[in-house]
Amino acid sequence: MKRSTLNHEAIHVRQWEECMIASAVLLTVIMLFTGFNLWVYLLCPLWFYLQYGLEYAISYMYHLCRNRCWINVGDKAYGNSAFEMEAEANEEVDGYLDVRTPFEFFRYYGKI
């Protein structure tokens, strides 16, 4: 497997870890005020995928309405994900994860 592919996927793993930790903290705060139920913590590992899917759906609708055609809409929506934009921009940078700040993917929101 190419080094750039490994770096790309390693960035996604770090993003997944950050989303999981952030969702656990958020759910803990919510649970303290609404009643504590441990079953909801099963959503924590899925938070990254829920956010990724929601981001994809919004981007898909944006490009569909903007272009008014179905050609390459899915590819554009996939490529305009903040998670993907960070991973693609830094997949060639060796040691990126060592210098990366937490939640770096937030920098890419709003850049379509």
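Everything numeric here is computed off the predicted structure, so don't read it as measured data.

Our focus in this paragraph is the packing of helix α1 (residues 3-34) against helix α4 (residues 82-90). Put simply, α1 and α4 touch, their axes get as near as 9 Å, and they point 140 degrees apart. Between α1 and α4, the angle is such that the two are oblique. Taken as a pair, α1 and α4 cross one another with a handedness that is right-handed. Residues His8, Ile11, His12, Gln15 and Cys19 of α1 form the contact with α4, whose participating residues are Phe83, Glu84, Glu86, Ala87, Glu88 and Asn90. Residues belonging to the contact of α1 with α4 are distributed by class as follows: four nonpolar, four polar and three charged.

With 21 residues, helix α2 (residues 47-67) should cover 30 Å at 1.5 Å per step; its first-to-last C-alpha distance of 30 Å lies within 8% of that length. Listed in full, the buried residues belonging to α2 are Phe48, Gln51, Tyr52, Glu55, Ser59, His63 and Leu64. Looking at the buried side of α2, the elements it contacts are α1, α3 (73-79) and α4. With its phi angle positive at about 55 degrees, Arg68 sits one or two positions after the end of α2.

This part covers the pattern of salt bridges. For the structure shown, the criterion picks out five salt bridges. Between Glu17 and Arg14 there is a salt bridge, with its nearest N and O atoms 3.7 Å apart. With Glu17 and Arg14 both in helix α1 and three residues apart, this pair spans about one turn of that helix. By relative accessible area, which is 34% here, Glu17 ends up partly exposed. Here Arg14 falls in the partly exposed class, since its relative accessible area comes to 28%.

Let's shift gears to the environment of Phe83. Counting through the fold element by element, Phe83 comes out in helix α4. Beyond its immediate stretch of four places on either side in the chain, Phe83 contacts His12, Gln15, Cys19, Phe48, Gln51, Tyr52, Glu55, Phe105 and Tyr109.

Moving on: the environment of Gly110. With respect to the element layout, Gly110 can be found in the segment after α5 (96-99). Of the residues examined, Gly110 reaches a relative accessible area of 78% and is grouped as exposed. Separated by 58 residues in the primary sequence, Gly110 and Tyr52 have C-alpha atoms spaced 15 Å apart.

Glancing now at the environment of Tyr62. The residue Tyr62 is located in helix α2 in this model. Classification of Tyr62 by relative accessible area gives partly exposed; the value is 37%. Taking the C-alpha atoms as reference, Tyr62 lies 29 Å from Asn7; in sequence the two are 55 residues apart.

Turning to α1, a few remarks are in order. Between its first and last C-alpha, α1 extends 46 Å over 32 residues, near the 46 Å set by a 1.5 Å rise per residue. Where α1 is concerned, the buried positions are Ser4, Asn7, His8, Ile11, His12, Gln15, Glu18, Cys19, Ser23, Leu27 and Met31. Buried residues in α1 make contact with α2, α4 and α5.

Scoring rules and cut-offs
Residues numbered from 1 in each chain as written. Predicted model: local features only at pLDDT ≥ 70, side-chain atom pairs only at ≥ 80, totals over all residues. Heavy atoms only, no water. Axes fitted to C-alpha atoms, helices over the stretch in contact; angles between N-to-C directions. Helix = DSSP H or I, 4+ residues; strand = E, 2+ residues; numbered from the N terminus. Parallel < 35°, antiparallel > 145°, perpendicular 65-115°, else oblique. Left-handed = near helix turned anticlockwise from the far one by under 90°. Contact = heavy atoms within 4.5 Å. Nonpolar A, V, L, I, M, F, W, Y, C, P; charged D, E, K, R; others polar. Expected span 1.5 Å × (residues − 1). Buried < 20%, exposed > 50% of the residue type's maximum accessible area, 1.4 Å probe, protein only. Salt bridge = Lys/Arg side-chain N within 4 Å of Asp/Glu carboxyl O.

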